[in-house]
Amino acid sequence: MDGVTFSMTTYSLAQKLRTVFIILSVFCLVAAIIFLRQLTVKNNESAMEKPVYTKEAEHRVLLLSSYNPLYFTYQYHIEGIEESLTAHNIEFDVVFMDAKIYNQPEDIIDFHEFLKKRLATYDKYDGLLVADDEALEFAIHYQDELFKDIPIVFFCVNNLKLAKQAVEVHNITGFYENDNLREVLGEALNMLPSYKEVYAIHDNTAAGSSDARVFKEIAGRYPQHKFKLINTAEMTEDQYIKALSKIPDDAIVFYLTCFTNGDGYTYSIYEMTDIVTTYTNAPIFRNVRSEYADGVMCSFGMDFKAQAKAASDVMVDAICGTDVDLIPLNTETEYVMQFDYQCLRRCGVDVKNVPSNSSVFNTPVNILERYGDFLPVAGMTFLSLLFMILAVTAVAVNEKNINTELLESKKQLEKSQVKLKYQAEHDDFLDILNRRTAVDYLKENVTAEQQYSILMLDIDNFKDINEMYGHKLADEFLQIMTYELQKLASNKNWMIARYGGDEFLLHVPVEMLNAESETVRKILDIFRTPRNIENENVVTSCSIGISISDGITRPELHIINAEIAMYEAKMRGRNKAYVYSEEMKSKVMEENHIKAKLLDAMDNNGFYMLYQPQIDAKTKKISGYEALVRMNAEGMYPGVFIPIAESSGWISRIGRITTELVVKQLAAWRDAGYELYPVSINFSSNQIHDFGYVEYLRELLYYYKIPSQYLEIEVTEGLFLERTQQAEKLFESFKELGIKLLMDDFGTGYSSLGYLTYIPVDVVKLDKSLVDAYLVPEKDAFIRDVIQLVHDLDKVIIIEGVEENWQYERLREFNADIIQGYYFSKPIDSDAAIKFSAENK
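Since the model is a prediction, treat every value here as computed from it, not as a measurement.

Moving on, we come to the overall build of the chain. When its secondary structure is counted, the chain shows 29 helices and 27 strands. A sequence separation of at least 24 residues applies to 70% of the contacts in the chain between residues at least 6 apart. Counting every atom, the chain has about 45200 Å² of accessible surface; 52% of that belongs to carbon and sulfur.

This brings us to the nonpolar core. The nonpolar side chains of a soluble globular protein tend to be buried with one another. If you look at the biggest cluster of nonpolar residues, it comprises 81 residues, and the most contacted ones within it are Phe734 and Ile799. Judged by nonpolar contacts, the second largest core, of 49 residues, contains Ala243, Cys258, Phe259 and Ala282.

Along the chain, the position of Thr273 falls in helix H10 (residues 269-279). Leaving out residues up to four positions away in the same chain, Thr273 has contacts with Tyr255, Arg286, Asp294 and Val296.

Side chains that carry opposite charge are capable of pairing whenever their charged atoms lie near each other. Counted under the stated rule, the structure contains 34 salt bridges. A salt bridge links Asp294 to Arg286, with the shortest nitrogen-to-oxygen separation between them at 2.8 Å. Accessibility expressed as a relative area gives 1% for Arg286, which makes it buried. Notably, a salt bridge pairs Asp313 with Lys309, separated by 3.1 Å at the nearest N-O pair. Of the two residues, Asp313 and Lys309 both sit in helix H11 (residues 304-319), four residues apart, roughly one turn of that helix. The class of Asp313 is partly exposed, set by a relative accessible area of 26%. Within this structure, Glu518, Arg521, Asp525 and Arg528 form a network of salt bridges that share partners.

It is worth spelling out the state of the cysteines at this point. As enumerated under the stated definition, the model contains zero disulfides in all. Of the cysteine sulfurs around Cys343, a residue in no disulfide, the closest is that of Cys347, at 7.1 Å.

What follows covers helix H23 (residues 693-704). Between its terminal C-alpha atoms H23 stretches 16 Å, which fits the 16 Å expected from twelve residues at 1.5 Å a residue. Residues Tyr693, Val694, Tyr696, Leu697, Leu700, Leu701 and Tyr704 constitute the buried set of H23. For H23, the angular spread of the buried residues around the axis is 160°, confining them to a single face. Opposite its buried face, H23 presents the exposed residues Tyr702 and Tyr703, each directed more than 90 degrees away. Residues of H23 that are buried sit in contact with helix H22 (651-671), strand S22 (679-683), strand S23 (711-716) and helix H25 (725-737).

A few words on the sheet that holds S22. Taken in spatial order, the eight strands close into a barrel running S20-S21-S22-S23-S24-S25-S26-S27, and their pairing is mixed. Pairing between strand S20 (residues 607-616) and strand S27 (residues 818-819): two bridges, direction antiparallel. Looking across to S27, one finds that Asp616 is bridged to Ile818. Its contacts with the sheet put H22 on S20, strand S21 (622-631), S22 and S23, and the angle it makes with S20 is roughly 60°.

This next bit is on the environment of Val640. Mapped onto the fold, Val640 is located in helix H21 (residues 638-648). Between the alpha carbons of Val640 and Ile594 there is a distance of 7.9 Å; along the sequence they are 46 residues apart. Not counting residues within four places of it along the chain, the set of residues in contact with Val640 comprises Ile594 and Gly635.

Right, let's get into unusual backbone geometry. Unlike most non-glycine residues, Asn89 shows phi in positive territory, near 60°. Residue placement: Asn89 occurs in the loop between helix H2 (74-85) and strand S2 (90-96). For Lys705, which is not glycine, the phi dihedral falls at a positive 60°. Assignment of secondary structure puts Lys705 in the loop between H23 and S23.

Caution is warranted with low-pLDDT regions, since their predicted coordinates should not be read in detail. When pLDDT is averaged across the chain, the result is 85; 87% of the residues are at 70 or more. Scored below 50 in pLDDT, residues 1-8 makes zero contacts in the model with residues more than four places away or belonging to other chains. Counted against residues more than four places away or in other chains, residues 46-54, with its pLDDT under 50, gives seven contacts.

Moving on: the pairing of strand S10 (residues 298-302). Burial within S10 is extensive, with five of its five residues counted as buried. Alternating residues of S10 divide into Cys298, Phe300 and Met302 and Ser299 and Gly301, and every residue in both groups is buried. Where strand S9 (residues 284-286) lies against S10, two bridges are found, and the strand directions are parallel. By the bridge assignment for S10, Phe285 is matched with Cys298. Bridge analysis of S10 against strand S11 (residues 335-340) gives five bridges, and the strand direction is antiparallel. Residue pairing in the sheet places Cys298 in a bridge with Phe339 of S11.

Our next topic: the pairing of strand S13 (residues 452-459). For S13, the buried fraction is high: eight of the eight residues fall into the buried class. Relative to strand S15 (residues 503-509), S13 runs antiparallel, the two sharing seven bridges. Directly across from Ser453, in S15, lies its bridge partner Val508. Pairing between S13 and strand S18 (residues 542-548): seven bridges, direction antiparallel. Residue pairing for S18: Ile454 is matched across the bridge by Ser547.

Tracing the chain through its elements places Val214 in helix H8 (residues 206-219). Val214 gets classed as buried once you look at its relative accessible area, which sits at 12%. Between the C-alpha atom of Val214 and that of Arg182, which follows or precedes it by 32 residues, the distance is 7.7 Å. Leaving out residues up to four positions away in the same chain, Val214 has contacts with Leu181 and Arg182.

Our focus in this paragraph is a negative patch on the surface. Together, Glu237, Asp238, Asp263, Glu271 and Asp274 make up a region of like negative charge exposed at the surface. At the level of secondary structure, the elements contributing two or more residues to the negative patch comprise helix H9 (237-245) and H10. Mapped onto the elements, Asp263 comes out in the loop between strand S8 (251-255) and H10.

Turning to the packing of aromatic side chains, a few remarks are in order. This model, assessed by the stated rule, comprises 24 aromatic pairs. Summarising the aromatic geometry, the rings of Phe111 and Phe114 are spaced 6.0 Å apart at their centres and angled 45° between planes, so their arrangement reads as tilted. Linking Phe111 with Phe114, this pair stays in helix H3 (residues 105-121), spanning three residues, or about one helical turn. The exposure class of Phe111 is buried, given its relative accessible area of 9%. On the numbers, 5.6 Å between centres and 40° between planes, the contact of Tyr625 with Trp669 is tilted. With Tyr625 in strand S21 and Trp669 in helix H22, this residue pair connects regions lying 44 residues apart in the sequence.

With that settled, the discussion passes to helix H16 (residues 462-469). Of the residues making up H16, those classed as buried are Phe462, Ile465 and Asn466. Buried residues in H16, looked at end-on, bunch into an arc of 100°, giving them a common side. Counted as exposed and oriented over 90 degrees from the buried face of H16: Lys463, Glu467 and Met468.

With that out of the way, let us pick up the sheet that holds strand S5 (residues 172-176). Pairing is parallel in the open sheet, where five strands are placed in the order S2-S1-S3-S4-S5. Two strands close off the open sheet at either side, each with one partner strand: S2 and S5. Put simply, the sheet's adjacent strands are angled 20° from each other on average, direction ignored. Bridge analysis of strand S3 (residues 127-131) against strand S4 (residues 152-157) gives four bridges, and the strand direction is parallel. Within S4, the position partnered with Leu129 by the bridge is Val153. Running at roughly 150° to S2, H3 makes contact with strand S1 (59-65) and S2 of the sheet.

Conventions used here
- Residues numbered from 1 in each chain as written.
- Predicted model: local features only at pLDDT ≥ 70, side-chain atom pairs only at ≥ 80, totals over all residues.
- Heavy atoms only, no water.
- Helix = DSSP H or I, 4+ residues; strand = E, 2+ residues; numbered from the N terminus.
- Contact = heavy atoms within 4.5 Å.
- Areas by Shrake-Rupley, 256 points an atom, 1.4 Å probe, with all protein chains shown as cover.
- Core = buried A, V, L, I, M, F, W, Y, C linked by side-chain atoms within 4.5 Å.
- Buried < 20%, exposed > 50% of the residue type's maximum accessible area, 1.4 Å probe, protein only.
- Salt bridge = Lys/Arg side-chain N within 4 Å of Asp/Glu carboxyl O.
- Disulfide = S-S within 2.5 Å.
- Expected span 1.5 Å × (residues − 1).
- Arc of directions from axis to C-beta.
- Pairing = 2+ DSSP bridges.
- Axes fitted to C-alpha atoms, helices over the stretch in contact; angles between N-to-C directions.
- pLDDT = per-residue confidence, 0-100.
- Patch = residues over 30% accessible without salt bridge, like charges linked within 9 Å, V, L, I, M, F, W, Y side chains within 5 Å.
- Lys, Arg positive; Asp, Glu negative; His and termini not counted.
- Charge placed at Lys NZ, Arg CZ, Asp CG, Glu CD.
- Phe/Tyr/Trp six-rings, centres within 6.5 Å; stacked < 30°, edge-to-face > 60°.

Here's what the structure looks like:
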């Protein structure tokens, strides 16, 4: 009986195995048939003729190309355009600027005359396709004269700033060509970790300059590497060859847009590739795709045919009635990387280490590839089955490894998030809460009804310790004071934070402290006690400001009160504590009075706008205005009613009122026949909670028929730095609407030029406080450097608070863009503003 059972079990297992093998065999056979069919279909398709017109074309489009028919991207452009337009019975013509050779102003003028005559001779075109940067600049410049009232769609434009400017022009949209240099450079450094020098070869064409600018921006991310530029446009061929010969073998070479030299000679891509690969043995990365072995390790770039087709598809839609102005700039550029196997091998790079989205060619040909067609069918079936089994096994093992890696990555990510959050919330040096976190903590965890005391501590004469003993000893002293404060606060639920360089902020729950409290005395004693540090006897003291809860004042305002009290303590001789006090009743009454005035103004048109002219520093012509709100009530100055509006939650309503007043005024100026200039509106950080503001603004502009280019939004730098999802969505909405963003009061907050590289600001407004402090002899170089750095970031700078002629003259020498201040004009009413002229000033 047991034997039968065993046989049945064996048979059953055999049946199952047989079934599995049959299924796999059939599957492989079906897969082979499908594969053969695909090859047949593919060959048939490649043999088919290009589609032809079946009837007379209904529309005509002109392609304006920056270069000539021999340029390597032209054939891809034509294939993509034909694939789209031919299918819709649209014919197209092509004109070439040949801007790589003929790029001087007189050449552009000659080309303009040629095209003007041609357009006058031929029938009218229904649309304009524009290829590359030079052609786009030409199309924008001559749009009204040559291409008026027809849609313009551009593609393969390297200059992102130019592309963004273009889509703001009526009837123009298109596609930005991102060569993904950042991503590819990162992949190159990962593949070749021991290579510490990176060279980039470029010329002075629009694409070459764009490549160089991106390369320099990337260099800052890799301080452990040396980044160098070789500009072929500034060298003869001999100088260029000598520069290539000096590149070490263990450097990485990025061969970017570089087809012209200092002698004015224009190379073909084949000539330039031959020179680069002949005179350097370093691994070469080229931003032009190819699939043949020419000594370049990696070719990378976008699919030119795909982008040309996409642009043509948009043109088809435009001809069919789609409004081009509603089609946003397309910045999504897919790219591919192609590696030469032999070059990888020469540099010791395993093919497995190339990026997953890349391809490898020039690989060794194995026996199966050479003689596979002659192998017996049975052998192929066996191999197919074997490969299938191995593939299944590999998938299983791979999935297991991926799951393990994902789990480990998740753990590491969670640890990193915890660490980053801690670092963001704490002072790097003293390891206690930092200023921003402390303020946020009080806002979120402390209410006005609770009993507590806020203390602001400032070390007396700490500057003298720095100067007398040095920064190292002063830092150690700060660490000792922090430790002593933490020890005193142990088990008492205090909050201790570093508020400034030598300032500490304390939140003491429950206790209503005063200058004579035991807790305050102990804190004073901590700082009064002499400390022996590095054989130096350091003696100092501290001044303490105290603000106690009163059931009314918000916690964050107690910080201000405590700071005021601390300065009072310093004024009264230092080394003591002082409690903030004021007549709360009179304060509340005054606030209630202001609130009543605000409510009346909001309900009864009690606001009006003044406009302060903004003057072009070079021409003294009007470039725009800043709109400033005022109240029709005596004594109700902005500094009086704005803070109350903020704290009462009314600032969003006032923001909408002022926005409508400005848009209506723009419409009134236009209807009166005046030339319009951009007007900027101040946007409070509290208005970020007005979720419908952007739509409200859109409707106003539409109703009054005001183009969005004449309205700008001023935002303080603090809101830009929040980088919350809500803030970023708001900025994105403004951008989509075509509204420029201005950073107001730069220099009064975080004052770091570093973040200007990533925040979406178009214009930086330098605060008057910086002008007063630094636009003086021996310090004004700081103002010049700020202006230059803002220009390097491709942003415009407005200098506020200019009151004297010598200030204006000095700022003009520094190449400031726009001047705003009482030297030219105070804020004035709308009639005076639109008629204002500063040219005789």
